[in-house]
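# Structure assessment
Now for the letters of each chain:
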Amino acid sequence: MGGRAVAEPELDRSAIEAELARVLASAPFERSQQVARFLRYIVDAKLRGDEAAIKAYAVAVDVFGRPQNFDPQTDPIVRVQARRLRGMLEAFYALGPSPFGVELRLPIGRYVPDFLPSDTAPQAPPPAQDSESRGRLAFAATPASASAPQSVPAETPASRAAAGWLLALALAPSAILVVLVVIWGAIELGWLYPGPPRTLSRPVIEIGEFVPVPSWGGDYVSVPGLAVELVSDLQLFGDADARLMASDAETPGVFQLTGLVRPEGARVLVTATLRRGGTEAVVWSHSVVVPLSLLSDQIDEVSQRLAEQLGATAGPLHKPGYDWLQSHPDAFRSGDPYLCRLLIRSYIAGASAETAQNARACAQAELLLQPDSAEALVTNAVLRLATEAQQRPPGSYSIESRAVVNSALLRARNLGGTSAFVWFGVGLAYDQLGQRDKAIEAYRNALQLNPADLDIRAALARCLVLSGASTDGTSMAMTAIAHSAIVPGWYRIAPAVDGLRKGDNGFLLRQAQLAAEGDSELGAVLAAVAGRRLGQAMVLDRYLAQALEGPRIRRYGILPVLRTWVADPELLRTIAAEMSLAGVDPVTVNGSGA
């Protein structure tokens, strides 16, 4: 994609400046002012011969307003925006060549732009291998020599037979070893398990431009570039292949998203409709209402609202994948990356312990196939901690596990520092280890990389609120709840705690009852507190029983278990007092070691 850098004398400076002005005047760059400033900054620096100054630190401070103590190792803003700029330039030039004979490109791994004549601009890369071809053992034949043929002695039947026997004897031990290794690997990775073939693949979605339709008064409003923004937002999830729709032709199994834009007085209704190729049925539809006067400034916001639901764990793009898993319960052994992401997301949403075990086995199989998979590294780390938490006293992870997890997290950050999923996993792991500051920093990095991932927003909100009273945390949680089509129970922990602190017991009860569906420990305890405060004995008994039936609380006590997530001492004291007023004995509240 980067191509060969062309020396400036080969191209007219005025042509480069004219092309820069043309790119910046396009709708996508006008809407994305940060990216536009980034492009102008690096182009101007190269034109004045100051390429050495185009460094991550300088870009972060001069373009993105980062402070002087900016650290590119912990703040990936420049890498993220460079990837976005690279994609926007590709999409821009996909629409047609430059009239000035020059294209602006940003090569991978650099922040110095290339100025390429249109006839030498990079072409689209060949399609990447799918997960099937990556996971399959392959043996490549040795290419034939390109040198001129040499004369060789003529072979006779006897000489050929003798050579064959000698070669067979020489290779027999190696061949047996290879066969044994292949069989062992196939068994370990589950390639030989009895069951249907693995056919699951990441969803593909093609997005068309949103069509303006007239209001009752005949007025039209358009949103050019919304499709491009939505493609970029969905790609940040890493769980779907999003691309612009090239034609009206449908491919069976491929999702197609189309949309309409209709003005309604002082507002605009943007409606997206999702179908799956080969069918006429609508599988999902959603509308976003925007004030007409603000439409041009809120294209990013509209795109994010749509991406929040399309890319969600329980969203329409992934429903076929979860349905497929229901009928292929042993498929986790394959180590397929997309399948592993579905399993870890299911576990986070509150699925069973069996799902956690399967997700970890999937991640371990993926690491055998792809040892440098940052996503698999963080998934395995998170689930290692989750597994050990069920087997040891709360918060007392083994020294070995802490060392292995910390090493895996560091390696994952180095390998996947621009992946929102990786930073999300890092945050989850630090959250479990009780390292709240590191968890909050990781969650913030993940949210910066993908603002449309509601799981990240809800996890950051929970961590903030459980660390102390936090208006920001409560607001984040309520936003995640409002924007989610199917709200996981654990999203409700932050607002429930906020209701407890404020003494809004009716709100506390509503949120805690829903939280208890995904969190049978803290969620159930909060619901029991609400029942006691409201004098509702049946509610108190129901949720207190749910909490005390949990194996960890039953064995170690309420507060020792809650301390693994709750870092606010005042909140713990409030819960302890409420449990005492509810008649729970001190040992059950504080644990036998208190």
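Heads up: the structure comes first, above all this text.
Not measured: the values here are computed from a predicted model. (Residues numbered from 1 in each chain as written. Predicted model: local features only at pLDDT ≥ 70, side-chain atom pairs only at ≥ 80, totals over all residues. Heavy atoms only, no water.)

### Section: the state of the cysteines
One way to say it: the disulfide is the covalent bond shared by the sulfur atoms of two cysteines. Applicable threshold: Cysteine sulfur pairs qualify as disulfides if the two atoms are within 2.5 Å. Secondary structure elements are taken from DSSP: a helix is a run of H or I of four residues or more, a strand is a run of E of two residues or more, and numbering for both begins at the N terminus. We call a residue buried when its accessible area falls under 20% of the maximum for its residue type, exposed when it is over 50%, and partly exposed in between, using a 1.4 Å probe and counting protein chains only.
Here the structure, examined in full by the defined rule, presents one disulfide. The side chain of Cys340 participates in a disulfide bridge whose partner is Cys362; the two sulfur atoms lie 2.1 Å from each other. In this structure, the disulfide formed by Cys340 and Cys362 twists by about -90 degrees around the S-S bond and is classed as left-handed. Within this pair, whereas Cys340 is found in helix H11 (residues 337–348), its partner Cys362 is found in helix H12 (residues 353–369), the two being separated by 22 residues in sequence. Of the two residues, Cys340 and Cys362, neither departs from the other in class, the shared state being buried.

### Brief notes about the side chain of Asn380
To be explicit about the condition: Whether two residues are in contact is decided by their heavy atoms, any of which lying within 4.5 Å being enough.
By the element assignment, Asn380 lies in helix H13 (residues 374–389). Judged by its relative accessible area of 17%, Asn380 falls in the buried class. In contact with Asn380, not counting residues within four places along its chain, are Arg360, Ala363, Gln364 and Leu367.

### As for the environment of Pro97
Considering the arrangement of structural elements, one finds Pro97 in the loop between helix H5 (77–94) and strand S1 (102–105). A sequence separation of 21 residues divides Pro97 from Ser118, and the C-alpha atoms of the two residues are 6.5 Å apart.

### A few points about the side chain of Asp568
Counting through the fold element by element, Asp568 comes out in the loop between helix H24 (558–562) and helix H25 (569–581). On the basis of relative accessibility, which here comes to 11%, the residue Asp568 falls in the buried class. With sequence-adjacent residues up to four places away left out, Asp568 is seen in contact with Leu466, Ser467, Gly468 and Arg501.

### A closer look at the packing of aromatic side chains
Defined as follows: Classification of ring pairs uses Phe, Tyr and Trp, with its six-membered ring standing for Trp, and accepts pairs whose centres are within 6.5 Å; under 30 degrees between planes counts as stacked, over 60 as edge-to-face, and the remaining range as tilted. In this analysis the charged atom, NZ for Lys or CZ for Arg, is taken to sit over a ring once it is within 6 Å of the ring centre and within 35 degrees of the ring normal.
Counted according to the given criterion, the structure contains four aromatic pairs. Where Phe424 meets Tyr443, the ring centres are 6.3 Å apart and the plane angle is 50 degrees; that geometry is what we call tilted. In this pair, Phe424 sits in helix H15 (residues 420–433) while Tyr443 sits in helix H16 (residues 436–449), placing the two residues 19 residues apart along the sequence. Neither Phe424 nor Tyr443 differs from the other in exposure class; each is buried. For the pair Trp490 and Tyr491, a centre-to-centre distance of 5.0 Å together with 85 degrees between the ring planes defines the contact as edge-to-face. Trp490 gets classed as buried once you look at its relative accessible area, which sits at 4%. Tyr491 gets classed as buried once you look at its relative accessible area, which sits at 4%. It is Arg462 that lies over the ring of Trp565; its NZ or CZ is 4.8 Å from the centre.

### Structural notes on H5
We apply this condition: Multiplying 1.5 Å by the residue count of a helix minus one yields the expected span of that helix.
Between its first and last C-alpha, H5 extends 26 Å over 18 residues, near the 26 Å set by a 1.5 Å rise per residue. The set of residues buried in H5 consists of Ile77, Val78, Val80, Gln81, Ala82, Leu85, Arg86, Met88, Leu89, Phe92 and Tyr93. Buried residues along H5 sit against helix H1 (13–24), helix H2 (27–31), helix H3 (33–47), helix H4 (56–62), S1 and H16.

### Digging into the nonpolar core
Convention followed: For our purposes a nonpolar core is just a set of buried Ala, Val, Leu, Ile, Met, Phe, Trp, Tyr and Cys residues, chained together by side-chain atoms within 4.5 Å.
Counting residues in each nonpolar core, the largest one holds 102 residues, and the members touching the most others are Leu339, Leu526, Ile575 and Met579. With sequence-adjacent residues up to four places away left out, Ile575 is seen in contact with Leu500, Leu522, Val525, Leu526 and Leu562. Counting residues in hydrophobic clusters, the runner-up holds 38 residues, among them Val23, Leu39, Ala58 and Val59.

### So, helix H14 (residues 399–415)
We apply this condition: Arc, as used here, means the arc of the directions from the helix axis to the C-beta atoms.
An ideal rise of 1.5 Å per residue puts 24 Å on 17 residues; H14 measures up with 24 Å between its terminal C-alpha atoms. Within H14, the full set of buried residues consists of Ser401, Val405, Ala408, Leu409 and Ala412. Looking straight down H14, one finds its buried side chains confined to an arc of 100 degrees; they lie on one side. Exposed and oriented more than 90 degrees from the buried face of H14 are Ile399, Glu400 and Asn414. Elements that come into contact with the buried residues of H14 comprise H13 and H15.

### With respect to the pairing of strand S5 (residues 255–264)
Convention followed: When DSSP locates at least two bridges between a pair of strands, those strands are taken to pair.
Across six bridges, the pairing between strand S3 (residues 204–212) and S5 is parallel. Residue pairing across strands places Ile205 opposite Phe255, the latter belonging to S5. The pairing of S5 with strand S6 (residues 267–276) spans ten bridges and is classified as antiparallel. Of the residues in S6, the one forming a bridge with Thr258 is Thr273.

### Re the packing of H13 against H14
As a reminder of what qualifies: In this description, a line fitted to the C-alpha atoms serves as the axis of each element, helices being fitted only across the stretch in contact, and the angle between N-to-C directions of two axes falls anywhere from 0 to 180 degrees. Just so you know how the angles are binned, under 35 degrees is roughly parallel, over 145 roughly antiparallel, 65 to 115 roughly perpendicular, and the rest oblique. Rotating anticlockwise by less than a right angle from the far helix to the near helix defines a left-handed crossing, while the corresponding clockwise rotation defines a right-handed one. Classification used: nonpolar for Ala, Val, Leu, Ile, Met, Phe, Trp, Tyr, Cys and Pro, charged for Asp, Glu, Lys and Arg, polar for all others including Gly.
The N-to-C vectors of H13 and H14 enclose an angle of 155 degrees; their axes lie 8 Å apart at closest approach. Put simply, H13 runs roughly antiparallel to H14. Crossing of H13 over H14 shows left-handed handedness. Counting all contacts with H13, which are made through Ala374, Leu377, Val378, Ala381, Arg384, Leu385 and Glu388, the residues of H14 involved are Glu400, Ser401, Val404, Val405, Ala408, Leu409, Arg411, Ala412 and Leu415. For the contact of H13 with H14, the per-class residue count stands at eleven nonpolar, one polar and four charged.

### Some words on the pattern of salt bridges
This is how the line gets drawn: Take a side-chain nitrogen of Lys or Arg and a carboxyl oxygen of Asp or Glu: if they are within 4 Å of each other, that pair is a salt bridge.
Inspection of every chain in the model, using the stated rule, returns 26 salt bridges. Between Glu308 and Arg305 there is a salt bridge, with its nearest N and O atoms 2.6 Å apart. Placement of the pair is Glu308 and Arg305 together in helix H9 (residues 299–310), with a separation of three residues, close to one helical turn. With respect to class, Glu308 is no different from Arg305; both count as buried. The partner of Arg501 in a salt bridge is Asp568, and the shortest N-O contact between them spans 2.7 Å.

### Overview of the packing of helix H17 (residues 454–467) against helix H18 (residues 471–483)
Running from amino to carboxyl end, H17 crosses H18 at an angle of 150 degrees, the nearest separation of the two axes being 8 Å. In terms of orientation, H17 lies roughly antiparallel with respect to H18. At the point where H17 passes H18, the crossing takes the left-handed sense. Across the interface between the two elements, Leu454, Arg457, Ala458, Leu460, Ala461, Leu464 and Val465 from H17 touch Gly473, Thr474, Met476, Ala477, Thr479, Ala480 and His483 from H18. Across the contact of H17 with H18, the residue classes break down as nine nonpolar, four polar and one charged.

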